[in-house]
Amino acid sequence: PSSYTYKKEDLLELVERPVIGLGNDILPPLRKALTSDNWIARLIGVRILGKVGNKTDLPALEKLKADSTKLKGWSEGETIGSEAAKAVAAVKSR
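Residues numbered from 1 in each chain as written. Predicted model: local features only at pLDDT ≥ 70, side-chain atom pairs only at ≥ 80, totals over all residues. Heavy atoms only, no water.

Trainee: Is there a simple way to explain the nonpolar core in this structure?
Mentor: Nonpolar side chains tend toward joint burial in soluble globular proteins. Counting 24 residues, the largest nonpolar core has Leu30, Ile40, Leu43, Val46 and Leu61 as the members making the most contacts within it. Put simply, the parts of the chain that give this core at least two residues each are helix H1 (8-20), helix H2 (27-33), helix H3 (39-52), helix H4 (58-64) and helix H5 (80-92). When sequence neighbours within four positions are dropped, the list of residues in contact with Leu61 reads Leu34, Val46, Ala84, Ala87, Val88 and Val91. (Core = buried A, V, L, I, M, F, W, Y, C linked by side-chain atoms within 4.5 Å. Buried < 20%, exposed > 50% of the residue type's maximum accessible area, 1.4 Å probe, protein only. Helix = DSSP H or I, 4+ residues; strand = E, 2+ residues; numbered from the N terminus. Contact = heavy atoms within 4.5 Å.)

See below:
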């Protein structure tokens, strides 16, 4: 739920690693998550696509760099946009 607080470490261990293990079939739902009204869905999409996405994901990730939604339970100043910027850099480096 979007009203919860999520620790970065929990998200990595409980969501990101298992989802990445599902392979390429998970890419379409992750791309759809980028446009969700739910901040945690957008965050999951951004972070995982930053790890396994490709250059076709860049326009959607670039757009989210402007998302100022603060991440509950994370360090001060961390937003969907700051995570999207990291994802863009990671995809561009591949």
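Trainee: Sorry if this is basic, but what is going on with the packing of H3 against H5 here?
Mentor: A pair of packed helices is captured by two measures, namely the crossing angle of their axes and the spacing between those axes. The N-to-C vectors of H3 and H5 enclose an angle of 20°; their axes lie 8 Å apart at closest approach. Taken together, H3 and H5 sit at an angle that is classed as roughly parallel. With respect to the hand of their crossing, H3 and H5 are arranged in left-handed fashion. Here Trp39, Arg42, Leu43, Val46, Arg47, Leu49 and Gly50 of H3 come into contact with H5, specifically with Ile80, Glu83, Ala84, Ala87, Ala90 and Val91. When its residues are assigned to classes, the contact of H3 with H5 shows 9 nonpolar, 1 polar and 3 charged. (Axes fitted to C-alpha atoms, helices over the stretch in contact; angles between N-to-C directions. Parallel < 35°, antiparallel > 145°, perpendicular 65-115°, else oblique. Left-handed = near helix turned anticlockwise from the far one by under 90°. Nonpolar A, V, L, I, M, F, W, Y, C, P; charged D, E, K, R; others polar.)

Trainee: When you look at the pattern of salt bridges in this model, what are you seeing that I'm missing?
Mentor: For side chains of opposite charge, pairing can occur when their charged atoms come near one another. Under the criterion given, the structure shown has 11 salt bridges. For the salt bridge of Arg47 with Glu16, the shortest nitrogen-to-oxygen distance reads 2.4 Å. Here Glu16 lies in helix H1 and Arg47 lies in helix H3, a separation of 31 residues in the sequence. According to the relative accessible area criterion, Arg47 is buried, its value standing at 14%. Taking the relative accessible area as the measure of exposure, Glu16 reaches 0% and is therefore buried. Glu78 serves as the salt-bridge partner of Lys86, at 3.9 Å between the closest nitrogen and oxygen. You can call Lys86 partly exposed: its relative accessible area is 45%. The network of salt bridges with shared partners includes Lys8, Glu16, Arg47, Lys51, Glu78, Glu83 and Lys86. (Salt bridge = Lys/Arg side-chain N within 4 Å of Asp/Glu carboxyl O.)

Trainee: Help me understand H1, please; the structure alone is not making it clear to me.
Mentor: Residues spaced three or four apart along an α-helix point in a common direction, a consequence of the helix completing one turn every 3.6 residues. Among the residues making up H1, those that are buried are Leu11, Glu16 and Val19. Close packing links the buried residues of H1 with H2 and H3.

Trainee: Looking at this structure, I do not really get H3. What am I missing?
Mentor: In this model, H3 (14 residues) spans 20 Å end to end at C-alpha, consistent with the 20 Å of a helix rising 1.5 Å per residue. Among the 14 residues that make up H3, 11 are buried, leaving the element largely enclosed by the rest of the structure. What H3 keeps buried is the set Trp39, Ile40, Arg42, Leu43, Ile44, Gly45, Val46, Arg47, Ile48, Leu49 and Gly50. Capping the start of H3, Asn38 holds a side-chain oxygen 2.8 Å from the backbone nitrogen of Ile40, two or three residues further along. (Expected span 1.5 Å × (residues − 1). Polar contact = N/O pair within 3.5 Å; in protein donor to acceptor, adjacent residues only side chain to side chain.)

Trainee: I tried to follow the packing of H1 against H3 on my own but got confused; where do I start?
Mentor: Across the interface, H1 lies against H3 with an axial gap of 11 Å and an inter-helix angle of 60°. Of the possible angle classes, the one that applies to H1 and H3 is oblique. The chirality of how H1 crosses H3 is right-handed. In contact with Lys8, Leu11, Leu12, Val15, Glu16, Val19 and Ile20 of H1, H3 contributes Ile40, Leu43, Ile44, Arg47, Ile48, Lys51 and Val52. For the contact of H1 with H3, the per-class residue count stands at 10 nonpolar, no polar and 4 charged.

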